[in-house]
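# Residue-level structure breakdown
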Amino acid sequence: AKLDASLEKLKNDSTELSKLIDNMKNEMDNLLSEKERIEKENQEKLKDALSQNQKTNAELLQMQLDLEKQKLTLDQKQKDLDKLQSEIALKSNRINDLEKTLNEQKMQSEKLKNMITDALVKFNAGELEVYTKDGKVYVSMSDKLLFKSGSTIVETKGIEALGKLADVIKKNPDILVNIEGHTDNVPYSSSAGCIKDNWDLSLMRASSVLHIPTEKY
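Residues numbered from 1 in each chain as written. Predicted model: local features only at pLDDT ≥ 70, side-chain atom pairs only at ≥ 80, totals over all residues. Heavy atoms only, no water.

### A closer look at the environment of Leu128
Its location among the elements puts Leu128 in strand S1 (residues 128–133). Discounting residues that sit within four places of it in the chain, Leu128 has contacts with Leu120, Phe123, Ser140, Met141 and Leu145. (Helix = DSSP H or I, 4+ residues; strand = E, 2+ residues; numbered from the N terminus. Contact = heavy atoms within 4.5 Å.)

### Here's the deal with the packing of helix H4 (residues 156–171) against helix H5 (residues 198–216)
Across the interface, H4 lies against H5 with an axial gap of 10 Å and an inter-helix angle of 55°. Relative to H5, the element H4 is oriented oblique. Taken as a pair, H4 and H5 cross one another with a handedness that is right-handed. Between H4 and H5, the contacting residues are Ile159, Leu162 and Ala166 on the first element and Val209, Ile212, Pro213 and Lys216 on the second. (Axes fitted to C-alpha atoms, helices over the stretch in contact; angles between N-to-C directions. Parallel < 35°, antiparallel > 145°, perpendicular 65-115°, else oblique. Left-handed = near helix turned anticlockwise from the far one by under 90°.)

### A few points about the nonpolar core
Side chains that are nonpolar tend, in soluble globular proteins, to be buried together. Ranked by internal contacts, the top residues of the largest apolar core, which has 17 residues, are Ile116, Leu120, Leu128, Met141 and Val154. For this core, the secondary structure elements donating two or more residues are helix H2 (57–119), S1, helix H3 (143–146), H4 and H5. Tallying contributions element by element places H4 first for this core, with 4 residues. By size, the runner-up hydrophobic cluster in this structure holds 7 residues, among which are Leu17, Ile21, Met28 and Leu81. (Core = buried A, V, L, I, M, F, W, Y, C linked by side-chain atoms within 4.5 Å. Buried < 20%, exposed > 50% of the residue type's maximum accessible area, 1.4 Å probe, protein only.)

### Some words on unusual backbone geometry
At Asp134, a position not held by glycine, the phi torsion is positive, near 55°. With respect to the helices and strands, Asp134 occurs in the loop between S1 and strand S2 (136–141).

### Overview of the packing of aromatic side chains
Across all of its chains, the model carries 1 aromatic pair by this definition. Their ring planes at 5° and their centres at 5.3 Å tell us that Tyr131 and Tyr138 sit as a pair that is stacked. Taking the relative accessible area as the measure of exposure, Tyr131 reaches 29% and is therefore partly exposed. One residue, Lys122, lies across the ring of Phe123, its end atom 5.9 Å from the ring centre. Of note, Lys216 hangs over the ring of Tyr217, and the distance from its end group to the ring centre comes to 5.8 Å. (Phe/Tyr/Trp six-rings, centres within 6.5 Å; stacked < 30°, edge-to-face > 60°. Lys NZ or Arg CZ within 6 Å of the ring centre and 35° of its normal.)

What follows is the structure in structure tokens.
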């Protein structure tokens, strides 16, 4: 999600830079046109000055200074344009890198999802579900597969499913695994033991699921 946001920001920045470059190109075109106009005008003035001897050396020098100023302005604009084009090229490369990273992550997530789905193919849809969300792969196992009501002891079929999942995890040692424990909405009540309510029950269930792949498999 962070990469998607960064990618979107870079694309917006690149769009703004492209607009700025177009504006600078138009400005440079106008400056070039103005430079050509001044040069033509000065040539006419110089021609008149030479033919009629009406212009002084100071006026001719001023004409040369005007042309030099125009040239300096154009040179600076060209430097600014080159700098902006370099910036947009860097942002374009960054966008390509981010898109490549996102595509690789999506491919890896999809590959992992397929591996888990294949490993758990014998279990029906009412017992578990495998899906991807925000670049993560989720394996949602139902209470029917794992626990009896109010229990923290994993059922035999649930242990089998966790074993299949553990085989996939062992083949992908770089992935990070999070375990979440859940309960139904029937309030848990007990006068003895360490489980006081559904919060404790969900925590103990997560702990039970954790110990099976780490200790048994």
